[in-house]
Amino acid sequence: MPAQAEVTGNIGVVSKYVLRGITNSNSLGAENDGAAVQGGFDWSHSSGVYLGYWGSSLGYGDATKPNPQTTGFENDIYGGYKFKAGPVSLDVGLIQYLYTAIGHSDGLEAVVNAGIGPVTLGVKYLTNDVKWGNQGDIYATVGYSQALPSDFKFAGVFGYYIYKDSGEFIPATVESSAFRHVDLKLSHPLGKTGADMSLTYIVGGQDRQGLDQSNAIVLGLSTGF
């Protein structure tokens, strides 16, 4: 068969942008306490190679700049290779984080995911010091997804962090490792519109400074194209 490629896209809005369980607005890494617009696109090749972009509005900006901006924007550019080893689906890649109007936050993570059936294991390794993490930070996840009756879908994610003690922008870390969050998401198609509505309950863990994160509920609406 000749090689084939596909391009897909998505756009949506969430009531609160929570990154990896950080729900408290005063914690390092809190993204947006208000509604956030998010979306992106993906290019995938039948060989297993893929590239993509994802972006989100943020609820903060960089006050240290000469002309301070109240809000910034997150841009994630990623790529990698997906393949199978027997029953296991593997994915290795990189994610480059680029921030508009926010300094010293652009970071690069190496990513490895392994899935079998409805379960996915993931590891992300931060390769440089940024304001939201130190070089050597490891973010590990276990995910599970399951179709339910009446077109409902359930997805759960357990997140855990192994923290590097110090870096250029975070000189001291209290926790060496900590449970970060559990996300429990229920979604359903919105009639025949092609859009999906979702409700996510987040069980908060701890950030790198040992601060307990509050539980939170996030509402979402998204569509693909």
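Look up: the structure comes first, before these words.
Summarised in this report is the structure supplied together with it. Here the structure is a predicted model, which is why all the values come from computation and not from measurement.

**Re the environment of Phe 158**
- Mapping Phe 158 onto the fold places it in strand E9 (residues 153-162).
- When its relative accessible area of 37% is taken as the criterion, Phe 158 is described as partly exposed.
- Sequence spacing of Phe 158 and Ser 177 is 19 residues, and the spatial spacing of their C-alpha atoms is 14 Å.
- In this structure Phe 158 touches Ala 140, Thr 141, Val 142, Phe 179, His 181 and Val 182, once residues within four positions along its chain are discounted.

**Some points on the sheet that holds strand E8 (residues 138-147)**
- The 12 strands are arranged E1-E2-E3-E4-E5-E6-E7-E8-E9-E10-E11-E12 in a closed barrel whose pairing can be described as antiparallel. Taken pair by pair, the neighbouring strands of this sheet meet at an average axis angle of 20 degrees, ignoring direction.
- As paired elements, strand E4 (residues 73-85) and strand E5 (residues 88-100) share 13 bridges and run antiparallel to each other. Bridging from a neighbouring strand, Ala 85 pairs with Val 88 of E5.

**A look at the packing of aromatic side chains**
- Enumeration according to the criterion identifies 7 aromatic pairs in this entry.
- Relative to Phe 179, the ring of Phe 158 lies with its centre 5.5 Å away and its plane at 20 degrees, an arrangement referred to as stacked. With Phe 158 in strand E9 and Phe 179 in strand E10 (residues 177-189), this residue pair connects regions lying 21 residues apart in the sequence.
- Taken together, the aromatic side chains of Tyr 139, Tyr 161 and Tyr 163 make up a single cluster linked through ring pairs.
- Taking the ring centre of Tyr 50 as reference, the NZ or CZ of Lys 82 above it sits at 5.1 Å.

**A look at the nonpolar core**
- Residues Leu 58, Ile 95, Tyr 97, Tyr 99, Trp 132 and Val 218 are the most contacted members of the largest nonpolar core, which totals 17 residues.
- Ranked by the residues each element gives to this core, the list is headed by E5, at 3 residues.
- With residues near it in sequence (within four places) discarded, Ile 95 still touches Asp 76, Ile 77, Tyr 78, Gly 107, Leu 108, Glu 109, Val 111 and Lys 124.

**Describing a nonpolar patch on the surface**
- Among the surface-exposed residues, Val 7, Phe 41, Trp 43, Val 49, Leu 51, Tyr 81, Phe 83, Val 92 and Val 112 lie close enough to one another that they form a single nonpolar patch of about 770 Å² accessible area.
- Residue assignment for the nonpolar patch shows that the elements contributing at least two residues are strand E2 (36-45), strand E3 (49-57) and E4.
- Tracing the backbone shows Leu 51 in strand E3.
- According to the relative accessible area criterion, Leu 51 is partly exposed, its value standing at 48%.

**Focus on unusual backbone geometry**
- You will see that Arg 20, though not glycine, has its phi angle at about 55 degrees, which is positive.
- Its location among the elements puts Arg 20 in the loop between strand E1 (5-14) and E2.
- Judged by its relative accessible area of 11%, Arg 20 is buried.

**Quick notes on the pattern of salt bridges**
- On inspection of all chains with the given rule, the structure shows 3 salt bridges.
- Residue Lys 16 pairs with Asp 33 through a salt bridge whose shortest N-O separation is 2.8 Å. With Lys 16 in the loop between E1 and E2 and Asp 33 in the loop between E1 and E2, this residue pair connects regions lying 17 residues apart in the sequence.
- Residue classification places Lys 16 among the buried positions, given a relative accessible area of 16%.
- Overall, the relative accessible area of 47% leaves Asp 33 in the partly exposed class.
- When the shortest N-O distance is used, the salt bridge between Glu 109 and Arg 20 registers 2.8 Å. Of this pair, Glu 109 sits in strand E6 (residues 107-116) while Arg 20 sits in the loop between E1 and E2, placing them 89 residues apart in sequence. Arg 20 carries the same exposure label as Glu 109, and that label is buried.

What counts and how
Residues numbered from 1 in each chain as written. Predicted model: local features only at pLDDT ≥ 70, side-chain atom pairs only at ≥ 80, totals over all residues. Heavy atoms only, no water. Helix = DSSP H or I, 4+ residues; strand = E, 2+ residues; numbered from the N terminus. Buried < 20%, exposed > 50% of the residue type's maximum accessible area, 1.4 Å probe, protein only. Contact = heavy atoms within 4.5 Å. Pairing = 2+ DSSP bridges. Axes fitted to C-alpha atoms, helices over the stretch in contact; angles between N-to-C directions. Phe/Tyr/Trp six-rings, centres within 6.5 Å; stacked < 30°, edge-to-face > 60°. Lys NZ or Arg CZ within 6 Å of the ring centre and 35° of its normal. Core = buried A, V, L, I, M, F, W, Y, C linked by side-chain atoms within 4.5 Å. Patch = residues over 30% accessible without salt bridge, like charges linked within 9 Å, V, L, I, M, F, W, Y side chains within 5 Å. Areas by Shrake-Rupley, 256 points an atom, 1.4 Å probe, with all protein chains shown as cover. Salt bridge = Lys/Arg side-chain N within 4 Å of Asp/Glu carboxyl O.

Note that every value here comes from positions in space, so none of it alone points to a role or purpose.
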